[in-house]
Amino acid sequence: MKNRLKIERAILDLTQEELAKKIGVSRQTINSIEKSKYIPSTSLALKLSKVFNKPVNDFFELDEEK
Amino acid sequence: MKNTILNKLANHQIPNSFKKIGGIIFFSSFILLVGNQLFFEKLNLSIIAKYGLLIGMFLWSISKEKIEDELILKLRMQSYTFAFLIVVIFTLLHPLMNFLVDFIIDDNKSNISDYGDFEILWLLLGSQLWFFEIQKRLHK
């Protein structure tokens, strides 16, 4: 799973800590998602979608191989 | 999402402040255990110290993190699975290892020793805590 979380976060000028607070998770969780170490649940993805004001598909993408 | 099994399990955890209490109980029991071996052998406090170690680790294990989110929940579940597998594998292999060690070192003593609840619980909680802390550091 590839993601554009870091870019979307930069567009909104948010730090990892600020984004984490907005969606009620830890900074480590945001960092892990950005580094593709962790795939978030649907509810977390939807919370991110609400913050970025974009559909989930715009910042999460399945790897072509998979 | 409030009704998932994982959330129900998470709700049965105790507050984060118990982690410190667990740590204090663990380390004071460890000091007591070492002290008992070195200085107070007559008082035989080792049972109290051993159970103190277990209680400390248990409190540490079931206390929440400062922010208990879905990543932490996943890591916690993985650590419990890891600990379960370690204990099962160790329990299955322990008699064989004992037998082999006895066979190599002294073949007259084919004594396959057993171990009790303390050792099993210590291994279970110890491996769970170890794996959980390692995983948390890897996700920092």
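Described in the following lines is the structure provided in the data block. Worth saying up front: this structure is predicted, and the values here are computed from it rather than measured.

Cut-offs applied
Residues numbered from 1 in each chain as written. Chains lettered and ligands numbered in written order. Predicted model: local features only at pLDDT ≥ 70, side-chain atom pairs only at ≥ 80, totals over all residues. Heavy atoms only, no water. Helix = DSSP H or I, 4+ residues; strand = E, 2+ residues; numbered from the N terminus. Rg over C-alpha atoms; globule rule 2.2 N^0.38 Å. Buried < 20%, exposed > 50% of the residue type's maximum accessible area, 1.4 Å probe, protein only. Contact = heavy atoms within 4.5 Å. Areas by Shrake-Rupley, 256 points an atom, 1.4 Å probe, with all protein chains shown as cover. Lys, Arg positive; Asp, Glu negative; His and termini not counted. Charge placed at Lys NZ, Arg CZ, Asp CG, Glu CD. Phe/Tyr/Trp six-rings, centres within 6.5 Å; stacked < 30°, edge-to-face > 60°. Buried area = accessible area lost by both parts, 1.4 Å probe. Salt bridge = Lys/Arg side-chain N within 4 Å of Asp/Glu carboxyl O. Polar contact = N/O pair within 3.5 Å; in protein donor to acceptor, adjacent residues only side chain to side chain. Nonpolar A, V, L, I, M, F, W, Y, C, P; charged D, E, K, R; others polar. Axes fitted to C-alpha atoms, helices over the stretch in contact; angles between N-to-C directions. Left-handed = near helix turned anticlockwise from the far one by under 90°. Core = buried A, V, L, I, M, F, W, Y, C linked by side-chain atoms within 4.5 Å.

Scanning chain A for helices and strands turns up 4 helices and 2 strands. Each helix and strand of chain A, placed in order from N terminus to C terminus, yields the pattern β-α-α-α-α-β. Its C-alpha atoms give chain A a radius of gyration of 11 Å, within 12% of the compact-globule value 11 Å for 66 residues. By principal-axis analysis of the C-alpha atoms, chain A measures approximately 35 × 20 × 20 Å. Put simply, chain A has 66 residues, and 41% of those count as buried. Considering only intrachain contacts with a sequence separation of at least 6, the fraction spanning at least 24 residues in chain A is 57%. Surface summary for chain A: the accessible area is close to 4200 Å², and the carbon and sulfur share equals 49%. Taken as two groups, the 13 positive and 10 negative side-chain charges of chain A have centres that lie 6 Å from each other.

Our focus in this paragraph is the packing of aromatic side chains. If you walk through the whole model with that rule in mind, you get 6 aromatic pairs over all chains. The interplanar angle of 15° and the centroid separation of 4.3 Å between the aromatic rings of Phe82(B) and Phe131(B) together place this pair among those described as stacked. With Phe82(B) in helix α4 (residues 70-105) and Phe131(B) in helix α5 (residues 117-138), this pair connects stretches of sequence that are 49 residues apart. Owing to a relative accessible area of 23%, Phe82(B) belongs among the partly exposed residues under this scheme. A relative accessible area of 16% means that Phe131(B) is categorised as buried. Among the aromatic residues, ring-to-ring pairing joins Phe52(A), Phe59(A) and Phe60(A) into one connected group.

Each partner contributes residues to the interface: chain B has 9 residues there, and chain A has 14 residues. Considering only the surface of chain B that becomes buried against chain A, Glu70(B), His139(B) and Lys140(B) emerge as the three largest contributors, covering 49% of it. Summed over the shared surface of chain B and chain A, the result is 0 salt bridges. Linking chain B to chain A there are 6 residue pairs in polar contact (both at pLDDT 80 or more). Top contributing element to the side of chain B that touches chain A by residue count: α4(B), with 3 residues. Classifying every residue of the side of chain B that touches chain A by side-chain character gives 4 nonpolar, 1 polar and 4 charged.

The next point concerns the pattern of salt bridges. All names here are of chain B. For the coordinates displayed, the defined rule picks out 7 salt bridges over all chains. Ionic pairing is found between lysine 136 and glutamate 65, a salt bridge with its closest N-O pair at 2.8 Å. One end of the pair, lysine 136, is in helix α5; the other, glutamate 65, is in the loop between α3 (46-62) and α4, and 71 residues separate them in sequence. Assigned by exposure class, lysine 136 and glutamate 65 land together as buried.

The subject of this paragraph is the packing of α3(B) against α5(B). All names here are of chain B. As a packed pair, α3 and α5 sit with axes 10 Å apart at the nearest point and diverge in direction by 35°. The handedness of the crossing between α3 and α5 is left-handed. Contacts from Lys50, Tyr51, Leu53, Leu54, Met57, Phe58, Trp60 and Ser61 in α3 reach Asp117, Phe118, Leu121, Trp122, Leu125, Gly126, Gln128, Leu129 and Glu133 in α5. The class makeup of the residues in the contact of α3 with α5 is 11 nonpolar, 3 polar and 3 charged.

The next point concerns the nonpolar core. Residue and element names in this part refer to chain A. Among the nonpolar cores identified, the biggest contains 19 residues, and Leu5, Ile30 and Leu48 are the most heavily contacted of them. Looking at this core element by element, the count peaks at 4 residues for helix α4 (residues 42-52). Setting aside anything within four residues of it in sequence, one finds isoleucine 30 in contact with Leu5, Gln16, Leu19, Ala20, Ile23 and Val25.

Taken by themselves, the reported measurements are silent on function.
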